[in-house]
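Here's the letter readout for the chains.
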Amino acid sequence: MSERSRLWWEEITGPSQLVRTMAQELRMGRSVFLSAPDDLPWRSQMRSSVECVLRESDPDLLVDYIDCQTDCPYDAKGNIDVSSFLLDRYAYPEIKNGYRRSSGLSIQQYMMKHGVLRNRVVWVKGMSPQHVQNWLSFCKDHRPRAASDGLFVIECHEDSSQRRAAAGMKLLFYKDFVSYYDALLFNNMLAAPLQRFSLEWKQYLSTTAALLCGCDVELAGALLEDIRLNPDTPAPLPALLQIAEEQRGGKRYCADFLDAEHPFLLVRDGNFDKLSELLWKGQLQTIFPLLEYERIGLIRCYEDDIRAGLQEPYLDPKKQEPRYITQLDERVLDPKDAEIGTLYRMNHLRMFQDPSLYLLFLPESGDRERLDLLHRVRNAIAHLDPCPPEEIAAFLDGYPYHWQGCRF
């Protein structure tokens, strides 16, 4: 798990850029307001990675983590007296009790004058919206000249797109740095060691995990791990639903600020159609091109037989009259133009001149079964439905298929 979390925050482009940007802003003496969703992967590793980059240039800098839920006293309305909390936590008694409003200094100026937060980054987390207001109210008048004057990281889980950052703070959004492609790259790296699976299997699993889980790569990692432990039944959506059931009632499952397409939110809302759509999208991206490759392989193998069949009229079983193969009401003459559905029909239609003969005969039963499978998989995906996991498994386990009737 620690290897995965470091890989995400220190090697993948988007999240590692966020880590470096946060560290750079702090080195420049600017506090940071970080807007992060509730499904932020491996929060503790993110903090450790930022701290590690900071210490490369300033080994004496201290990073102190404040959890508002457990560390900060608050009144009946949920408000935190931030200045009193900081004085109680960091100031010597004579400094803590020595502030007078009549001095003409603000509490922030007084604390800076006496070095209460010297060489310290106070990283605040676990905040309610009211806590955020309290801390921002303090930070707007805290204007450090350098990192040594004391800095803040306000890690907030709410959508802050309409919120004004405090003066002197850098407002950063996790979603501005991390994209689907970061998640896909990460999932590909997690899938690479799956020894049971072919390259095509790994591409399918990593793509569907990225689409189903979005940028919650911690969840995607759990999904791929479940598949690794159950390689005989690699079904991404059922595995994801099982994880959701196991986490039902947990903090992450019940979080308030999940992405609109986060699978836990979709499960909570009963929106299983959307989950099926995301799975279908993954199949469209990965399976459909492989179907085309197999169609071309079939045509190369049986090109002469397909051409001959296209020249022959077939017996229309409904009207008992001769007809020729068409697609979209146009006759097909070139074998390369024949789609999988057309090839499947030709394999089941009888010649008009001699109904004992098929329009396209595949002598090997394995070839006929493979064409039937291609037809079912292609039809499911083309009709906007995800293909059942057992048929995806049959297709990918047999890919690339070597057509047995080939004469070369």
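Our structure is the block above this text.
This text gives an overview of the structure that appears in the document.

Rules used in this analysis
Residues numbered from 1 in each chain as written. Predicted model: local features only at pLDDT ≥ 70, side-chain atom pairs only at ≥ 80, totals over all residues. Heavy atoms only, no water. Helix = DSSP H or I, 4+ residues; strand = E, 2+ residues; numbered from the N terminus. Rg over C-alpha atoms; globule rule 2.2 N^0.38 Å. Buried < 20%, exposed > 50% of the residue type's maximum accessible area, 1.4 Å probe, protein only. Contact = heavy atoms within 4.5 Å. Expected span 1.5 Å × (residues − 1). Phe/Tyr/Trp six-rings, centres within 6.5 Å; stacked < 30°, edge-to-face > 60°. Lys NZ or Arg CZ within 6 Å of the ring centre and 35° of its normal. Polar contact = N/O pair within 3.5 Å; in protein donor to acceptor, adjacent residues only side chain to side chain. Pairing = 2+ DSSP bridges. Axes fitted to C-alpha atoms, helices over the stretch in contact; angles between N-to-C directions. Core = buried A, V, L, I, M, F, W, Y, C linked by side-chain atoms within 4.5 Å. Salt bridge = Lys/Arg side-chain N within 4 Å of Asp/Glu carboxyl O. Disulfide = S-S within 2.5 Å.

Remarks on the overall build of the protein chain
Within the protein chain, the regular secondary structure consists of 18 helices and nine strands. Relative to the globule expectation of 22 Å for 408 residues, the C-alpha radius of gyration of the protein chain, 31 Å, shows a markedly less compact shape. Its C-alpha atoms give the protein chain principal-axis dimensions of about 110 × 40 × 35 Å. With 408 residues in all, the protein chain has 49% of them scored as buried. Across the protein chain, the fraction of contacts at a sequence separation of at least 24, relative to all contacts at a separation of at least 6, is 71%.

Here we look at helix α11 (residues 217–229)
Given a rise of 1.5 Å per residue, 13 residues ought to cover 18 Å, and the 18 Å separating the end C-alpha atoms of α11 matches this to within 8%. Among the residues of α11, V217, L219, A220, G221, L223, L224 and I227 are the ones counted as buried. Check the buried side of α11 and you find it contacts α1 (2–10), α9 (180–191), α10 (199–213), α12 (236–247) and α13 (263–268).

Thoughts on the packing of aromatic side chains
One pass over the full model with this rule turns up 15 aromatic pairs. Ring centres 4.8 Å apart and planes at 80 degrees place the aromatic pair Y401 and W403 in the edge-to-face group. W403 matches Y401 in its accessibility class, with the two residues each being buried. Taken together, F85, W135, F138 and F152 form an aromatic cluster joined through their ring pairs. Residue placement shows R331 over the ring face of Y324; its charged tip is 3.9 Å from the ring centre. Sitting above the plane of the Y358 ring, R350 keeps its charged end 4.1 Å from the centroid.

So, the side chain of H262
Structurally, the position occupied by H262 is in the loop between α12 and α13. Here D216 takes part through its side chain, which lies 2.7 Å from a polar atom of the side chain of H262. Those residues within four positions of H262 in sequence are excluded, and the remaining contacts are D39, D216 and L219.

As for the sheet that holds strand β2 (residues 62–67)
Strand order in the open sheet formed by five strands is β2-β3-β4-β1-β5, and the pairing between neighbours is parallel. Because the sheet does not close on itself, it has two edges, and the strands there are β2 and β5 (169–173). Recorded for the sheet is a direction-independent mean angle of 15 degrees between the axes of neighbouring strands. Note: β2 against strand β3 (residues 120–125), six bridges, orientation parallel. Residue Y65 lies in a different strand from β3, and its bridge partner there is W123.

Quick look at helix α18 (residues 389–397)
The complete set of buried residues in α18 reads E391, I392, A393, F395 and L396. Lining the buried residues of α18 we find α10, α14 (272–301) and α17 (365–382).

So, the environment of L275
Along the chain, L275 falls in helix α14. You can call L275 buried: its relative accessible area is 1%. Separated by 35 residues in sequence, L275 and L240 have C-alpha atoms that sit 9.8 Å apart. Leave out the neighbours within four places in its chain, and L275 touches L212, L237, L240, L241, P263, L266 and V267.

Quick notes on unusual backbone geometry
The omega torsion across Y399 and P400 is -10 degrees, close enough to zero to call that bond cis. By the element assignment, P400 lies in the segment after α18. Look at N119: it is not a glycine, yet its phi comes out positive at around 55 degrees. Not every positive phi belongs to a glycine, and L384 is a case in point at roughly 70 degrees.

Concerning the nonpolar core
One finds W8, W9, M22, I287 and F395 to be the most contacted residues of the largest nonpolar core, which totals 97 residues. No other element matches the ten residues that α14 contributes to this core.

Remarks on the pattern of salt bridges
The final tally for this structure, using the stated rule, is 24 salt bridges. Ionic pairing is found between R4 and E225, a salt bridge with its closest N-O pair at 3.1 Å. Remark: E225 occurs in helix α11 and R4 occurs in helix α1; sequence separation between them is 221 residues. Overall, the relative accessible area of 24% leaves E225 in the partly exposed class. Residue E225 pairs with R228 through a salt bridge whose shortest N-O separation is 2.6 Å. Note that E225 and R228 are positioned in helix α11 at a spacing of three residues, about one turn of the helix. A cluster of three or more residues bridged by salt bridges with shared partners is formed by E303, D304, R307 and K336.

Side note on the state of the cysteines
Throughout the structure, instances matching the rule amount to zero disulfides. The thiol sulfur of C213 is not disulfide-bonded, and the nearest other cysteine sulfur, from C215, lies at 11 Å. C213 supplies the cysteine sulfur nearest to C254, a cysteine that is in no disulfide, at a spacing of 17 Å. Among the residues examined, C254 registers a relative accessible area of 40% and is labelled partly exposed.

Here we look at the pairing of strand β1 (residues 31–35)
On a regular strand, one side chain projects to one face of the sheet and the next to the other, so that they alternate. Where burial is concerned, most of β1 is hidden: five out of the five residues are buried. Of the two faces of β1, the one holding S31, F33 and S35 and the one holding V32 and L34 are both buried throughout. Alignment of β1 against β5, held across five bridges, turns out to be parallel. Among the inter-strand pairings, S31 is bridged to a residue of β5, identified as M169. Pairing of β1 with strand β4 (residues 151–156) involves four bridges; the strand directions are parallel. Note on β4: the bridge partner recorded for L34 is E155.

Remember that the coordinates give geometry; whether it matters functionally is a separate question.
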